[in-house]
Amino acid sequence: MPDRIRTDIAHNARVWNYWLGGKDNYPVDRAVGDQVAGMFPSIGEVARADRAFLGRVVEHLTREVGLRQFLDIGTGLPTADNTHQVAQRVSPEARVVYVDNDPSVLAHARALLTSSLEGVTDYVEADVRHPEKILRSAQPPLDLGQPVAVILLGVLNFVLDTAEARRSVQALMAAVPSGSHLVITHPTLELGGEGNEDAMRFWNENATPPITARSRAEFATFFEGLQLLDPGIVSCARWRSGRVADGPDVAQFGAVARKP
């Protein structure tokens, strides 16, 4: 295990793993996770909805759009139905590069580095704030001359400066061709998430990395110049989920857009 892994402070990837029912976490992660859940009881549903959104989007982009390349940034610890598993069930030749800056994830990278014989799965240690490094390190196995799905689930919320987060997204999308897609989820204090404000404050005082919520208007700026797929910007639980109209939202925006 790398020396950089700290077990004395809660870390997002491990707490998220705990909320998803995983075992790759420590007592400090569970303690903070329980405290946040006590302050914002729907956080577990947010985590599960975010994961389900990933599965629906990757299947759609692979099966319906025909994409075969995925750049999954801020992947987190492995759990059921990782991006490569969903994509390669539809298309065994799909190529997936995972990116994360968390040493806990790096320590579990072997669990991600599995692939169908026809496809490729790879891992890059990098931060979303350094898009040039990500793009450089992702080639090969990705061919950036062909369309790529750039996936940023629950990661831009750790870039506290909105302008910096927007620059990272713009740099990533500028490097991929027409037909590429951008996939983002992001926590918000809208959609019934007002109660999350105190929980986020507690998180920032007791865990790492610090987090921020964004409004729908701020979230929409990440997609400037792109074509949003229906149903646009919605709670990630509602994106092509088939949920009944009166089903609960979760306070996590989700959207998918195509580069024209």
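Presented here is an overview of the structure given in this document. (Residues numbered from 1 in each chain as written. Predicted model: local features only at pLDDT ≥ 70, side-chain atom pairs only at ≥ 80, totals over all residues. Heavy atoms only, no water.)

Here we look at helix H8 (residues 162-174)
Next up, step 1: Over its 13 residues, H8 runs 18 Å from end to end, which matches the ideal 18 Å to within 8%, given 1.5 Å per residue.
Next up, step 2: All buried positions along H8 are accounted for by Thr-162, Ala-165, Ser-168, Val-169, Leu-172 and Met-173. For H8, the arc enclosing every buried residue in end-on projection is 125°, short of the 170-degree limit, so these residues lie on one face.
Next up, step 3: The elements touched by buried residues of H8 are strand E2 (69-73), helix H7 (131-137), strand E5 (149-153), strand E6 (181-187) and helix H10 (216-220).
Next up, step 4: Sitting at the head of H8, Asp-161 places a side-chain oxygen 3.1 Å from the backbone nitrogen of Ala-163. (Helix = DSSP H or I, 4+ residues; strand = E, 2+ residues; numbered from the N terminus. Expected span 1.5 Å × (residues − 1). Buried < 20%, exposed > 50% of the residue type's maximum accessible area, 1.4 Å probe, protein only. Arc of directions from axis to C-beta. Contact = heavy atoms within 4.5 Å. Polar contact = N/O pair within 3.5 Å; in protein donor to acceptor, adjacent residues only side chain to side chain.)

Topic: the pairing of E6
Next up, step 1: With seven of seven residues buried, E6 is to be regarded as a mostly interior element.
Next up, step 2: Pairing of E5 with E6, which is carried by five bridges, proceeds in the parallel orientation. Across the sheet, Leu-153 pairs through a bridge with Thr-185, a residue of E6.
Next up, step 3: The β-α-β motif built from E5, the intervening H8 and the parallel element E6 has right-handed crossover chirality. (Pairing = 2+ DSSP bridges. Right-handed = clockwise from strand over helix to strand, strands pointing away.)

What about helix H2 (residues 27-39)?
Next up, step 1: If you check H2, its first and last C-alpha atoms are 19 Å apart, about what 13 residues at 1.5 Å a residue would give, namely 18 Å.
Next up, step 2: Taken together, the buried positions of H2 are Asp-29, Val-32, Gly-33 and Val-36. Buried residues of H2 fall within an arc of 105° about the axis and therefore sit on the same side. Residues of H2 that are exposed and angled more than 90 degrees away from the buried face: Pro-27 and Gly-38.

Observations regarding the pattern of salt bridges
Next up, step 1: Overall, the coordinates contain six salt bridges when judged by the stated rule.
Next up, step 2: Ionic pairing is found between Glu-93 and Arg-68, a salt bridge with its closest N-O pair at 3.3 Å. Of this pair, Glu-93 sits in the loop between helix H4 (83-90) and strand E3 (95-100) while Arg-68 sits in the loop between helix H3 (43-65) and E2; the two residues are 25 residues apart in sequence, bridging distant segments of the chain.
Next up, step 3: Accessibility expressed as a relative area gives 39% for Glu-93, which makes it partly exposed.
Next up, step 4: Here Arg-68 falls in the partly exposed class, since its relative accessible area comes to 29%.
Next up, step 5: Across the pair Asp-198 and Arg-201 runs a salt bridge, and its minimum N-O distance is 2.6 Å. (Salt bridge = Lys/Arg side-chain N within 4 Å of Asp/Glu carboxyl O.)

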